[in-house]
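# Descriptive structure summary
Read off the chains here:
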Amino acid sequence: IKTNKNGTWLVEDGEIDFEYKGTYVTTGSITNPKKGQKRYYVNKNKVDKKRSAIITQALIYLNTPYVYGGTSLKNGIDCSAFTKAIYAKAAISLERTAASQAMDKRGKSVSLAKAKPGDLIFYSRSRNSAINHVGIYMGNGKIVHAGYSKKKVMVANVDLGMTIKCVKSYIN
């Protein structure tokens, strides 16, 4: 991570650059972008330090391979191991599976409309099925997650084509 003169951070990841200014994320434009390149701008004044640190840490691991049951931020990870590992970097312990993270009483339920960057969004494949996926909310309708369909850690819209079962905040 490099710090720019204006106090933002720039993480370079081959095809994609991300620039942060805090934590509410919007896609910005790039001068002379490479193919597939995007930037996410974050407003430091809107989010506390811990939430900002969680988002920053999560974005560092973009393009890490998705591996079902994987727990390595380097060699491959699944969605719940990803949230567990990123939260651990902020000194917050989480359970191992998406379902157990969602059921953990330490997390406070919030509505999607009241979700803040760093909160966890839990999904299922259908309305009547169990929770089987989790992502970290970034703000402005975006999450960062270990996506099994694209086989990597990535940024996506909150609406993954799955049912949102609940949103939990583990950050005081």
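The present account deals with the structure reproduced in this document. (Residues numbered from 1 in each chain as written. Predicted model: local features only at pLDDT ≥ 70, side-chain atom pairs only at ≥ 80, totals over all residues. Heavy atoms only, no water.)

### Quick look at the nonpolar core
Within the largest apolar cluster, 32 residues are counted, with the highest numbers of intra-cluster contacts made by Ile 54, Phe 82, Ile 86, Tyr 87, Leu 120, Ile 136 and Val 144. Secondary structure elements with two or more residues in this core: α1 (49–60), α2 (79–89), α3 (98–103), β9 (120–124), β10 (133–139), β11 (142–147) and β12 (152–157). Ranked by residues supplied to this core, first place goes to α2 with 5 residues. When residues no more than four places from it in sequence are discounted, the contact partners of Val 144 are Ala 58, Leu 59, Leu 62, Phe 82, Gly 135, Ile 136, Met 138, Val 153, Met 154 and Val 155. (Core = buried A, V, L, I, M, F, W, Y, C linked by side-chain atoms within 4.5 Å. Buried < 20%, exposed > 50% of the residue type's maximum accessible area, 1.4 Å probe, protein only. Helix = DSSP H or I, 4+ residues; strand = E, 2+ residues; numbered from the N terminus. Contact = heavy atoms within 4.5 Å.)

### Looking at the pattern of salt bridges
Oppositely charged side chains can form a pair if their charged atoms are brought close together. Under the defined criterion, the tally for this structure stands at 3 salt bridges. Notably, a salt bridge pairs Arg 96 with Asp 78, separated by 2.9 Å at the nearest N-O pair. Separated by 18 residues along the polypeptide, Arg 96 in the loop between α2 and α3 and Asp 78 in the loop between β7 (76–77) and α2 bring together distant segments of the chain. Across the salt bridge formed by Arg 106 and Asp 104, the nearest N and O atoms sit 2.5 Å from each other. What makes Arg 106 partly exposed here is its relative accessible area of 47%. In this structure Asp 104 comes out as buried when scored by relative accessible area, which is 11%. (Salt bridge = Lys/Arg side-chain N within 4 Å of Asp/Glu carboxyl O.)

### Structural notes on α2
The complete set of buried residues in α2 reads Cys 79, Ser 80, Ala 81, Phe 82, Thr 83, Ile 86 and Tyr 87. At the C-terminal side of α2, Ala 91 shows a positive phi close to 60 degrees.

### Looking at unusual backbone geometry
Here Asn 63, not a glycine, exhibits a phi torsion of approximately 75 degrees, which is positive. Structurally, Asn 63 can be placed in the loop between α1 and β6 (71–72). Phi angles above zero are rare outside glycine, and Lys 151 is one such case at about 60 degrees. Along the polypeptide, Lys 151 turns up in the loop between β11 and β12. Classification of Lys 151 as exposed rests on a relative accessible area of 52%.

### A look at the packing of aromatic side chains
In total, this model carries 2 aromatic pairs according to the counting rule given. Where Tyr 87 meets Tyr 170, the ring centres are 6.2 Å apart and the plane angle is 90 degrees; that geometry is what we call edge-to-face. One end of the pair, Tyr 87, is in helix α2; the other, Tyr 170, is in the segment after β13 (163–169), with 83 residues separating them in the sequence. Here Tyr 87 matches Tyr 170 in class, with each residue buried. (Phe/Tyr/Trp six-rings, centres within 6.5 Å; stacked < 30°, edge-to-face > 60°.)

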